[in-house]
Amino acid sequence: TPQRITEKSAIPTVKKEVREDSGTEYGMAADAHRGQATSYRVTGTVAANANSFETYFYEFVDTMSGVVMDDADVGNDAVKIDGTDITKALKAQTGSSITYKDGVLTVTIADLLRLGTIHAGSKVTVDYSAHLAADAHMGQAGNKTTVVLNYSSDPASTSSQATTSASTVTTYAYALVLKKVDQGTREALGNAEFTIQVADSSTDAASKGKYVQVDGSLSTTAYTFKTSADGTFSVQGIDEGTYTIHEVNPPANHKALTT
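Here the structure is a predicted model, which means the values were calculated and not measured. (Residues numbered from 1 in each chain as written. Predicted model: local features only at pLDDT ≥ 70, side-chain atom pairs only at ≥ 80, totals over all residues. Heavy atoms only, no water.)

Caption draft 1: Spotlight on the overall build of the protein. Looking only at helices and strands, the protein features two helices and 21 strands. Relative to the compact-globule value of 18 Å for 259 residues, the protein shows a C-alpha radius of gyration of 24 Å, a clear excess of over 25%. With the C-alpha coordinates of the protein rotated into their principal frame, the extents come out at 85 × 50 × 30 Å. Looking at the protein residue by residue over its 259 residues, the buried ones come to 42%. A fraction of 69% describes how many contacts in the protein between residues 6 or more apart in sequence connect residues 24 or more apart. With an accessible surface of roughly 13,600 Å², the protein has 48% of that area assigned to carbon and sulfur atoms. (Helix = DSSP H or I, 4+ residues; strand = E, 2+ residues; numbered from the N terminus. Rg over C-alpha atoms; globule rule 2.2 N^0.38 Å. Buried < 20%, exposed > 50% of the residue type's maximum accessible area, 1.4 Å probe, protein only. Contact = heavy atoms within 4.5 Å. Areas by Shrake-Rupley, 256 points an atom, 1.4 Å probe, with all protein chains shown as cover.)

Caption draft 2: Focus on the nonpolar core. Core analysis: the largest hydrophobic core is formed by 36 residues, its most contacted members being Tyr 56, Tyr 58, Phe 60, Leu 112 and Tyr 128. Among the elements of the structure, β1 (14–19), β4 (38–45), β5 (58–64), β7 (78–81), β10 (104–109), β11 (123–132) and β12 (143–152) are those that each provide at least two residues to this core. Element by element, the count of residues in this core is highest for β11, at four residues. Those residues in contact with Phe 60 that sit more than four places away from it in its chain are Val 14, Val 42, Gly 44, Leu 105, Thr 106, Val 107, Val 124, Val 126, Val 147, Val 148 and Leu 149. If you look at the next biggest cluster of nonpolar residues, it comprises eight residues, including Ala 192, Val 212, Phe 225 and Phe 233. (Core = buried A, V, L, I, M, F, W, Y, C linked by side-chain atoms within 4.5 Å.)

Caption draft 3: Representation of the packing of aromatic side chains within the structure. Under the definition given, this model contains seven aromatic pairs. Arranged with centres 5.4 Å apart and planes meeting at 15 degrees, the rings of Tyr 40 and Tyr 128 form a pair that is stacked. Here Tyr 128 lies in strand β11 and Tyr 40 lies in strand β4, a separation of 88 residues in the sequence. An aromatic cluster is built from Phe 53, Tyr 56, Tyr 58 and Phe 60, whose rings are joined through pairwise contacts. Here the basic side chain of Arg 41 rests over the ring of Tyr 26, its NZ or CZ set 4.3 Å away from the ring centre. (Phe/Tyr/Trp six-rings, centres within 6.5 Å; stacked < 30°, edge-to-face > 60°. Lys NZ or Arg CZ within 6 Å of the ring centre and 35° of its normal.)

Caption draft 4: Main features of unusual backbone geometry. One non-glycine residue with positive phi stands out, namely Asn 191, at about 65 degrees. One non-glycine residue, Asn 253, lies in the positive phi region at around 65 degrees. Mapped onto the secondary structure, Asn 253 falls in the segment after β21 (243–249).

Caption draft 5: Spotlight on empty space enclosed by the protein. A full pass over the atoms with the stated rule returns two cavities of 30 Å³ or more. Reported here for the second largest cavity is a volume of approximately 30 Å³. The wall of the second largest cavity is formed by Phe 53, Glu 54, Thr 55, Ser 152, Asp 154, Pro 155, Ser 157 and Thr 158. Residues of the lining of the second largest cavity, tallied by class, amount to two nonpolar, four polar and two charged. (1 Å grid on protein atoms, 1.4 Å probe; cavity = no way out; pocket = protein on both sides within 12 Å on 5 of 7 lines; lining within 4 Å. Points joined across faces, edges and corners; volume = space filled by probe spheres on them. Nonpolar A, V, L, I, M, F, W, Y, C, P; charged D, E, K, R; others polar.)

Caption draft 6: Local environment of the pattern of salt bridges. This model, assessed by the stated rule, comprises six salt bridges. Close ionic contact of Asp 62 with Lys 16 constitutes a salt bridge, the shortest N to O distance being 3.0 Å. With a gap of 46 residues between them, Asp 62 in strand β5 and Lys 16 in strand β1 connect regions that are remote in the sequence. Here Lys 180 ties to Glu 247 by a salt bridge, and the two come within 3.0 Å at their closest N and O atoms. A residue pair is termed long-range when its members are at least 10 positions apart, and Lys 180 in the loop between β15 (174–179) and β16 (193–198) and Glu 247 in strand β21 qualify at 67 residues. In terms of burial, Lys 180 and Glu 247 fall into one category: buried. (Salt bridge = Lys/Arg side-chain N within 4 Å of Asp/Glu carboxyl O.)

The following block contains the structure:
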């Protein structure tokens, strides 16, 4: 006789989120410019019967594509149980660690029960920063980061583990391509020089007024882009937003744009 299978309510879950720079809310997608520290959050639940375990193994494995962490990023991540920071205690616990290697952030907790008070509905969170990689995808494809949670699954066995379904977020970046042509003949014009500045109407308050650099990062100092013989120049790794393009030096026998 066919039987209906119902998932146990005690099974932990995991959720990955990223913070959009135009606000404080976390969600499933965000966009960023090159070099920008982007905030990510991983939230895991614990089994309702976690306290019946002798030890409770708990491990986040977060795999990144197009997004990377550096040494400073790894040193600033924070692990919490229901809002209480356990990062220092985690690092001191035998068998527990926070590591980052080959694009994978792993937060291993050998025994969660020894690091804080756990109850039904408890949440374990990891907050960390990362930034676009040199080989980050531009445009619609985006850059995926995916996390799974490995956890103790059998109170009668300290070695029995299970893995949750994956949770994925996407970080987007964009490219800008501009072409300078003669207003009358439409002939491509090389050697025109431009700056690109984040406009005051941009949604990211921290970036307003800054200048786009050749790699897509931002600075208070202007970078001058120059059109090639085909009249174009491009820049990759910029954030969604509004920009002011200013022609600072026109090609020979031409006037610079005034608006």
